[in-house]
Amino acid sequence: MNKLKDILKGLLSGELPIADKLKYCVTIYSLACVHAIFTLFFLLIGIPFLAFYNLLSTLVYLFCRKLLQKEAYPSIYCIACGEIILNTILTTYTIGWDSGFALFLLVLVAGGFYISYTFSNHKYIIPFVCGTLSVITYFCCYFLSQSLVPVYTMPSGKSACFLYVFNSVCTFIFITAFSILFMVDIRISLNKLFEENKMLGQIAGVDALTGLYNRWSMAKFLSDAFQTEHPFCLVMCDIDDFKKINDTYGHECGDEVLKHIAKIIQDFIPEGSYVCRWGGEELLLLLNDYTSEDSAALAEKIRCSIAENSTAFEDLVIPHTMTMGVAHHHKNQTVESTIAKADMKLYIGKRNGKNVVIV
């Protein structure tokens with residue numbers, strides 16, 4: 001029972017998509033069952049002509065299984081449309097308008113435009129033509145019924161009432177089913193759109209090579225940190241002699257070094273803080289709610305780890321180091337000035353032997 005609830009919840013939330021083939025399969029078998037019931041009904045009340053017609057209709061819908069295997073969805077829809085229109089004309093002529101068979105034309109109009117998205121061609125022409133024919137048939141049968149005397153007379157008022165109620169219930173069930181499917185498909189589309197937007201946001205905000213945030217994302221994080229007025233520190237990092245690595249071992253090796261160092265730094269970044277690829281071999285750390293001393297201590301751990309863990313590239317082991325400049329942000333400063341201060345500390349470290357943390 002709980003499993004059934006989970007399935008229904010998944011379907012209605014759009015987490016479990018319903019295959020087009022399953023939708024058509026349920027529809028044609030439902031129509032076949034309805035016509036099978038009509039076959040028995042008309043045999044019981046003594047109208048063999050309509051019983052024979054509904055038997056043929058049942059067989060036609062069962063034949064549609066072969067079209068379903070070929071995914072010939074437009075053909076299935078056109079067959080259903082033709083059958084329902086013909087059924088409305090015949091029943092109106094033989095037993096009168098009050099039988100309620102014309103109600104099925106409403107299902108054609110409502111369901112036609114919904115299922116048209118499964119068509120590979122003529123997505124709008126086929127449902128528009130069939131819908132127009134359904135509307136024309138509906139009103140023509142209504143006006144003709146006002147002057148026509150039915151060929152057959154229903155044996156009792158109960159039979160006529162049952163027929164009308166049954167047709168009404170079937171019409172409401174089909175329209176409700178199509179409405180639910182439409183709602184489910186909208187939810188599926190919204191879920192898909194949400195995931196795609198999420199993925200696009202990640203692509204737009206993440207550096208493709210290292211997987212770190214890019215400069216655009218860091219600008220947003222810096223703006224948020226500045227507006228909260230909480231203390232934070234910036235650490236400007238630069239890989240030492242990176243150009244020499246590229247020139248000696250090639251740019252592919254340089255890329256591997258960048259990715260490896262990025263992974264090392266990510267493992268040290270606490271929750272609520274960020275690291276981005278600022279440009280080239282430069283990385284910028286934003287440490288929220290960190291003092292200068294805490295930032296320097298964390299930067300020193302990162303520097304040591306980078307120096308101790310060389311990058312493996314093909315059959316080579318590439319050693320590397322990193323210089324870092326730490327700057328604490330003060331309330332009376334701009335973010336740009338704090339970045340410039342961190343950059344200046346980095347420059348001092350480069351001038352004083354590299355592989356150091358300058359505060």
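Residues numbered from 1 in each chain as written. Predicted model: local features only at pLDDT ≥ 70, side-chain atom pairs only at ≥ 80, totals over all residues. Heavy atoms only, no water.

Chemist: Looking at this structure, how should I read the nonpolar core?
Modeler: With 47 residues, the main nonpolar core has Phe-38, Phe-42, Ile-76, Ile-95, Phe-104 and Leu-163 as its most contacted residues. Those elements that place two or more of their residues in this core are α2 (20-44), α3 (48-69), α4 (73-95), α5 (104-115), α6 (125-145) and α7 (157-205). Within the second largest apolar cluster, 28 residues are counted, among which are Cys-253, Ala-262, Ile-302 and Val-357. (Core = buried A, V, L, I, M, F, W, Y, C linked by side-chain atoms within 4.5 Å. Buried < 20%, exposed > 50% of the residue type's maximum accessible area, 1.4 Å probe, protein only. Helix = DSSP H or I, 4+ residues; strand = E, 2+ residues; numbered from the N terminus.)

Chemist: Sorry if this is basic, but what is going on with the packing of aromatic side chains here?
Modeler: The description of two aromatic rings rests on the distance between their centres and on the angle between their planes. Per the stated rule, a full pass over the model turns up 15 aromatic pairs. Relative to Phe-221, the ring of Tyr-213 has its centre 4.8 Å away and its plane inclined at 80 degrees; by these criteria the two rings are edge-to-face. When its relative accessible area of 34% is taken as the criterion, Tyr-213 is described as partly exposed. Accessibility expressed as a relative area gives 14% for Phe-221, which makes it buried. Consider the rings of Tyr-213 and Tyr-274, whose centres lie 5.9 Å apart with planes at 75 degrees: the pair is edge-to-face. (Phe/Tyr/Trp six-rings, centres within 6.5 Å; stacked < 30°, edge-to-face > 60°.)

Chemist: Could you clarify how one ought to interpret helix α10 (residues 251-268) in this entry?
Modeler: Because the α-helix completes a turn every 3.6 residues, residues three or four places apart line up on one side. The first and last C-alpha atoms of α10 sit 26 Å apart over 18 residues, in line with the 26 Å expected at 1.5 Å per residue. Restricting attention to buried positions, one finds in α10 the residues Cys-253, Gly-254, Val-257, Leu-258, Ile-261, Ala-262, Ile-264 and Ile-265. (Expected span 1.5 Å × (residues − 1).)

Chemist: Would you mind showing me how to read the environment of Ile-358 here?
Modeler: Following the sequence through the fold, Ile-358 ends up in strand β7 (residues 357-358). Separated by 34 residues in sequence, Ile-358 and Met-324 place their C-alpha atoms 6.2 Å apart. With residues up to four places along the chain from it excluded, the contact list for Ile-358 reads Met-324, Gly-325, Val-326, Lys-345, Ile-348 and Gly-349. (Contact = heavy atoms within 4.5 Å.)

Chemist: Quick question: what am I supposed to make of helix α8 (residues 215-228) here?
Modeler: For α8, built from 14 residues, the straight-helix expectation of 20 Å at 1.5 Å per residue is met to within 8% by its first-to-last C-alpha distance of 20 Å. Buried residues of α8: Ser-217, Met-218, Phe-221, Leu-222 and Ala-225, and no others. The buried residues of α8 occupy an angular sector of 135 degrees when the element is viewed end-on, so they sit on one face. Turned more than 90 degrees away from the buried face of α8, the exposed residues are Trp-216 and Gln-227. For α8, the N-terminal cap is Asn-214; the gap from its side-chain oxygen to the backbone nitrogen of Trp-216 is 3.2 Å. (Arc of directions from axis to C-beta. Polar contact = N/O pair within 3.5 Å; in protein donor to acceptor, adjacent residues only side chain to side chain.)

Chemist: Please clarify how a nonpolar patch on the surface should be interpreted in this entry.
Modeler: Taken together, the side chains of Val-109, Phe-113, Ile-125, Phe-128, Val-129, Leu-133, Val-135, Phe-139, Tyr-142 and Phe-143 define a hydrophobic patch exposed on the protein surface, amounting to about 930 Å² of accessible area. Those elements that place two or more of their residues in the nonpolar patch are α5 and α6. In terms of residue count, the dominant contributor to the nonpolar patch is α6 (8 residues). On the secondary structure map, Val-129 appears in helix α6. Given a relative accessible area of 40%, Val-129 falls into the partly exposed group. (Patch = residues over 30% accessible without salt bridge, like charges linked within 9 Å, V, L, I, M, F, W, Y side chains within 5 Å. Areas by Shrake-Rupley, 256 points an atom, 1.4 Å probe, with all protein chains shown as cover. Salt bridge = Lys/Arg side-chain N within 4 Å of Asp/Glu carboxyl O.)

Chemist: I keep staring at the pairing of strand β2 (residues 274-279) and nothing clicks. Help me out?
Modeler: Regular strands place their side chains on alternate faces of the sheet. Examined bridge by bridge, β2 and strand β3 (residues 282-288) share 5 bridges and lie antiparallel to one another. Looking at the pairing, Cys-276 lines up with Leu-284 of β3. (Pairing = 2+ DSSP bridges.)

Chemist: Is there a simple way to explain the pattern of salt bridges in this structure?
Modeler: Proximity of charged atoms lets side chains of opposite charge pair with each other. Here the structure, examined in full by the defined rule, presents 11 salt bridges. In this structure, the salt-bridge partner of Asp-267 is Lys-263, at a minimum N-O distance of 3.1 Å. One end of the pair is Asp-267 and the other is Lys-263, both in helix α10 and 4 residues apart, which spans about a single turn. Among the residues examined, Asp-267 registers a relative accessible area of 55% and is labelled exposed. Looking at Lys-263, the relative accessible area reads 45%, which means it is partly exposed. When salt bridges that share partners are traced, they join Asp-238, Asp-240 and Lys-350 into one network.

Chemist: Looking at this structure, how should I read the sheet that holds strand β6 (residues 322-328)?
Modeler: To summarise the sheet geometry, strands pair through backbone hydrogen bonds and adopt either a parallel or an antiparallel arrangement. Strand order in this open sheet of 5 strands is β2-β3-β1-β6-β7, and the pairing throughout is mixed. Two strands in the sheet have a free side with no partner beyond their single neighbour: β2 and β7. Those strands touched by helix α12 (residues 335-351) are β1 (232-239), β2, β3, β6 and β7, and its axis lies near 145 degrees from that of β6. (Axes fitted to C-alpha atoms, helices over the stretch in contact; angles between N-to-C directions.)

Chemist: How should a negative patch on the surface be read in this particular structure?
Modeler: On the surface, a cluster of negative charge is made up of Glu-252, Asp-255, Glu-314 and Asp-315. Inspection of the secondary structure puts Glu-252 in helix α10. (Lys, Arg positive; Asp, Glu negative; His and termini not counted. Charge placed at Lys NZ, Arg CZ, Asp CG, Glu CD.)

Chemist: What am I meant to see in the side chain of Thr-39 here?
Modeler: For Thr-39, the location among the structural elements is in helix α2. Judged by its relative accessible area of 10%, Thr-39 falls in the buried class. One polar contact links the side chain of Thr-39 to the main-chain carbonyl oxygen of His-35, over a distance of 2.8 Å. Residue contacts for Thr-39: discarding those within four places in its chain leaves Ala-51, Asn-54, Leu-55 and Thr-58.

Chemist: Could you clarify how one ought to interpret the pairing of β6 in this entry?
Modeler: Along β6, 7 of the 7 residues are buried, which leaves the element largely enclosed by surrounding structure. Judged by which residues are buried, β6 turns out to be covered on both faces: Met-322, Met-324, Val-326 and His-328 on one side and Thr-323, Gly-325 and Ala-327 on the other are all buried. Judged from the 7 bridges that link them, β1 and β6 form a sheet pairing that is antiparallel. What sits directly across from Val-235, in β6, is Val-326. In this structure, β6 lies alongside β7, joined through 2 bridges in parallel fashion. Within β7, the residue paired with Met-324 across the bridge is Val-357. On the question of chirality, the crossover connecting β6 to the parallel β7 by way of α12 is left-handed. (Right-handed = clockwise from strand over helix to strand, strands pointing away.)

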